[in-house]
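# Structure at a glance
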There are 2 protein chains.
Amino acid sequence: MTNKKYITSQSFPSILRLPVAVDLVVLTVRDAALCVLLIKRGIAPFKGKWALPGGFVCTGESLEATAQRELTEETGIAAAQVGYMEQLGTFGAPNRDPREHIIAVAYLAFVPNLPEPKAGGDAHFAAIVPISQLFEGAEKLAFDHDVILQAGVERTRAKLEYTPLAAAFCGAEFTINALRKVYEAVWGCTLDAPNFHRKVTKTAGFVEATDAQTSGESGRPAQLFRQGNALALHPPMLRGG
Amino acid sequence: MTNKKYITSQSFPSILRLPVAVDLVVLTVRDAALCVLLIKRGIAPFKGKWALPGGFVCTGESLEATAQRELTEETGIAAAQVGYMEQLGTFGAPNRDPREHIIAVAYLAFVPNLPEPKAGGDAHFAAIVPISQLFEGAEKLAFDHDVILQAGVERTRAKLEYTPLAAAFCGAEFTINALRKVYEAVWGCTLDAPNFHRKVTKTAGFVEATDAQTSGESGRPAQLFRQGNALALHPPMLRGG
DNA sequence: TTATTTAATGTCAGTAAGACAATATTACCC
DNA sequence: GGGTAATATTGTCTTACTGACATTAAATAA
């Protein structure tokens, strides 16, 4: 730690310095609907409004570390429960926060269906809300979080086209039908089950079969799969249009 | 400007504040090679090393405004000359700058073939360097700019698959062959000219024909096209594999 | 045993891509 | 002017993949 400095040790005295926040778009699929994890704000500004979980970068902390720390602190989700996380984008309009100019680095996370979230450290509530309910309702999220959420949803829709990441919404092992329901929830359409099965099982690296099956449910047992090792799908999954 | 504040007016006295820089990955195609615009640093740290152009966010300035300002200031490229620009990602490792923790928001720009850049305001030099030369050579760029550049190149390769943005490397009007040479330079492969022609002209919104042709060059004159209005290609352009 | 439910495989036509042949239209050279 | 070279564009054929939909398989429930 030879480079460790106090906050007051600044190499460019004249340069503008800004608070840097990390905000999280945590998505999951519940009851065949794409949902986002939101926090009800306990303090001004936007007190009582729904917002994305997030917090400020601390001294010596990387952006990924901040994202992981805030996820755990604010929503109780451990790192091991996260199916996938990537940086979504950075939002820096000078007036996006009424208090002062704050830079927000947004991260996008996919998690399997979660138990009801518990309230975080502050006295605020967490909830898992269907995306459709937010876009049709007139209620806006705090700050520019509507815009960030919209970007996260669009990124997610695109990611499912050319990566095998839909599996990140399922557990470690899943059926082809569970995977199809993820696609249907995220894309908001229905897909032909036989064609989907053929596509998924014949595309190299999309999924790999385990030697286990489902049991106890009605109907024929289904083969269980886990995510394959491909980074991209060749050819991609198509959603028409 | 009711919210205008002095730099010293801070709503969260205890929150860490960091300098926020915007760095630019400016790509162009020259002599059938994908190239990047670099600046030779005139000051420490990394004095004399090649680096991406960039600079710090100023008071009241959005990230896009910073990107555009730095592009003009450091490389002399006007906004009208830029074919396309988007945010690439944000890099925030605490030790990425030896002086102190600085957040870098990277932007990716595509520009048509440029005249030799002139030196910017500071006494530093700008140059347009083939990507291949950077990746095979042992010389590293300043800071984490190798990583940022790599991310920009990979984003660009992916963008050409599912958007019509290759045209942003050409001028307003271009031939199908000029467009194909962009793909070949970015992807580092050769593409079959007749098949490429069919694909580009039959995919809705990829290009639209003008009523002009080339003339004066050897061989049959080529039809001139401009970029179509599609945001995404359906189906996408494939690069095998 | 039979019906019901869900999973998985098979069929067939239409579409798009890769390989490559053939034709079109210009400039260049004698 | 006629032939040659260069580049652009269109056409052909095979193969791979998708979408629509029929069929079979394997479990539970009545």
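The present account deals with the structure reproduced in this document. Each residue is numbered by its place in its chain's sequence as written, counting from 1. Here every chain gets a letter starting at A, and every ligand a number starting at 1, in the order they are written. In keeping with the model being predicted, local features are shown solely for residues with a pLDDT of at least 70 and side-chain atom pairs are shown and tallied solely at 80 or more, while totals for entire chains, interfaces and linings include all residues.

Next up on the list: the overall build of chain A. Looking only at helices and strands, chain A features 5 helices and 9 strands. Dimensions along the principal axes, computed over C-alpha positions, put chain A at roughly 65 × 45 × 35 Å. Counting every position in chain A, which comprises 241 residues, the buried fraction comes to 35%. Note on contacts: each residue gets a C-beta atom placed from the backbone, and two residues are in contact if those atoms are within 7 Å. A separation of at least 24 residues holds for 66% of the contacts in chain A among residues at least 6 apart in sequence. Helical segments are the DSSP runs of H or I of at least four residues, strand segments are the runs of E of at least two, and each set is numbered from the N terminus. Think of it as a crowd count around each C-beta: if 20 or more other C-beta atoms lie within 10 Å the residue is buried, if 12 or fewer it is exposed, and in between it is partly exposed, with C-beta placed from the backbone throughout.

Residues and elements named next belong to chain A. Of the consecutive residues alanine 44 and proline 45, the connecting peptide bond is found in the cis state with omega at -5°. Turning to its location among the elements, proline 45 is positioned in the loop between β2 (33-40) and β3 (50-51). Although it is not a glycine, phenylalanine 143 adopts a positive phi angle of roughly 50°. Mapped onto the secondary structure, phenylalanine 143 falls in the loop between α2 (131-136) and α3 (145-162).

Okay, the interface of chain B and chain A next. Residue-level contacts link 36 residues of chain B with 36 residues of chain A. Counting residues per element, the ones that place at least two in the side of chain B that touches chain A are β1 (17-30), β5 (84-91) and β6 (103-110) of chain B. The element that contributes the greatest number of residues to the side of chain B that touches chain A is β1 of chain B, accounting for 4 residues. Side-chain classes follow a simple rule in which Ala, Val, Leu, Ile, Met, Phe, Trp, Tyr, Cys and Pro form the nonpolar group, Asp, Glu, Lys and Arg form the charged group, and the remainder, Gly included, forms the polar group. Among the residues forming the side of chain B that touches chain A, the class breakdown is 18 nonpolar, 13 polar and 5 charged.

Residue and element names in this part refer to chain B. By the criterion of burial, β6 is predominantly enclosed, with 8 of the 8 residues buried. The alternating pattern of β6 places Ile103, Val105, Tyr107 and Ala109 and Ala104, Ala106, Leu108 and Phe110 on opposite faces, both of which are buried. Think of it this way: DSSP has to see at least two bridges between two strands before they count as a pair. Where β1 lies against β6, 8 bridges are found, and the strand directions are parallel. Residue pairing across strands places valine 22 opposite valine 105, the latter belonging to β6. In terms of strand pairing, β5 meets β6 through 7 bridges, oriented antiparallel. Across the sheet, residue phenylalanine 91 finds its bridge partner in β6, namely alanine 104.

Pro194, Gly219 and Gln223 of chain A together with Pro194 and Arg220 of chain B are the nearest of the 22 residues found near DNA strand C. For the surface near DNA strand C, the elements supplying multiple residues, two or more each, are α4 (176-187) and α5 (193-202) of chain A together with α5 (193-202) of chain B. Residue classes in the surface near DNA strand C are distributed as 7 nonpolar, 11 polar and 4 charged. Here, nearness means that the C-beta atom of a residue, built from backbone geometry, sits within 6 Å of the molecule or strand in question.

Residue and element names in this part refer to chain A. Here, axes are lines fitted to C-alpha atoms. For helices the fit covers the stretch in contact, and angles between N-to-C directions go from 0 to 180 degrees. Where α4 meets α5, the closest approach of the two axes is 10 Å, and the angle between their N-to-C directions is 105°. Between α4 and α5, the angle falls in the class roughly perpendicular. Within the contact between the two elements, α4 uses Ile176, Asn177, Leu179 and Arg180 and α5 uses Ala193, Phe196, His197 and Val200. Class assignment for the residues of the contact of α4 with α5 results in 5 nonpolar, 2 polar and 1 charged. In these notes the angle categories are as follows: under 35 degrees is roughly parallel, over 145 is roughly antiparallel, 65 to 115 is roughly perpendicular, and the rest is oblique.

Moving on, we get to the protein's contact with DNA strand D. Surveying the vicinity of DNA strand D reveals 23 residues, the closest of which are Pro194 and Arg220 of chain A together with Pro194, Gly219 and Gln223 of chain B. Every element with two or more residues in the surface near DNA strand D is listed here: α5 of chain A together with α4 (176-187) and α5 of chain B. Tallying contributions element by element places α5 of chain B first for the surface near DNA strand D, with 4 residues. In terms of residue class, the surface near DNA strand D is built from 8 nonpolar, 10 polar and 5 charged.

A few words on the relation of the copies chain B and chain A. The two copies are related by a screw operation: chain B maps onto chain A through 180° of rotation and 0.0 Å of translation along the axis, at an RMSD of 0.0 Å. Put plainly, the chains are arranged around a two-fold axis. Same-surface contact between copies: 100% of interface residues of chain B are shared with the interface of chain A. Least squares is the method used to superpose the copies, on C-alpha atoms of residues holding a pLDDT of at least 70 in both.

As a further point, take the environment of glycine 171 of chain A. All names here are of chain A. Within the secondary structure layout, glycine 171 lies in the loop between α3 and α4. Among the residues examined, glycine 171 registers 14 C-beta atoms within 10 Å and is labelled partly exposed. Put simply, glycine 171 and valine 82 are 89 residues apart on the chain and 9.9 Å apart in space, counted from C-alpha to C-alpha.

Turning our eyes to something else, we now look at the nonpolar core. Judged by nonpolar contacts, the single largest core of 122 residues is most densely connected at Val25 and Ala109 of chain A together with Val25 and Ala109 of chain B. Setting aside residues no more than four positions away along its own chain, alanine 109 of chain B makes contact with Leu24, Val25, Val26, Leu27, Leu71, Val82, Tyr84 and Met85 of chain B. Take the buried Ala, Val, Leu, Ile, Met, Phe, Trp, Tyr and Cys residues, join any whose C-beta atoms are within 7 Å, and the set you get is a nonpolar core.

Residues and elements named next belong to chain A. For a helix, the expected span equals 1.5 Å multiplied by the number of residues minus one. For α4, with 12 residues, the first-to-last C-alpha span of 16 Å sits near the 16 Å given by 1.5 Å per residue. Within the span of α4, buried status applies to Ile176, Ala178, Leu179, Arg180, Val182, Tyr183, Ala185 and Val186. Structurally, α4 contributes buried residues whose contacts are with β1 (17-30), β2, α3, α5 and β9 (223-227). Positive backbone phi, at 65°, marks glycine 188, one or two positions downstream of α4.

The values are spatial; any link to function lies outside them.
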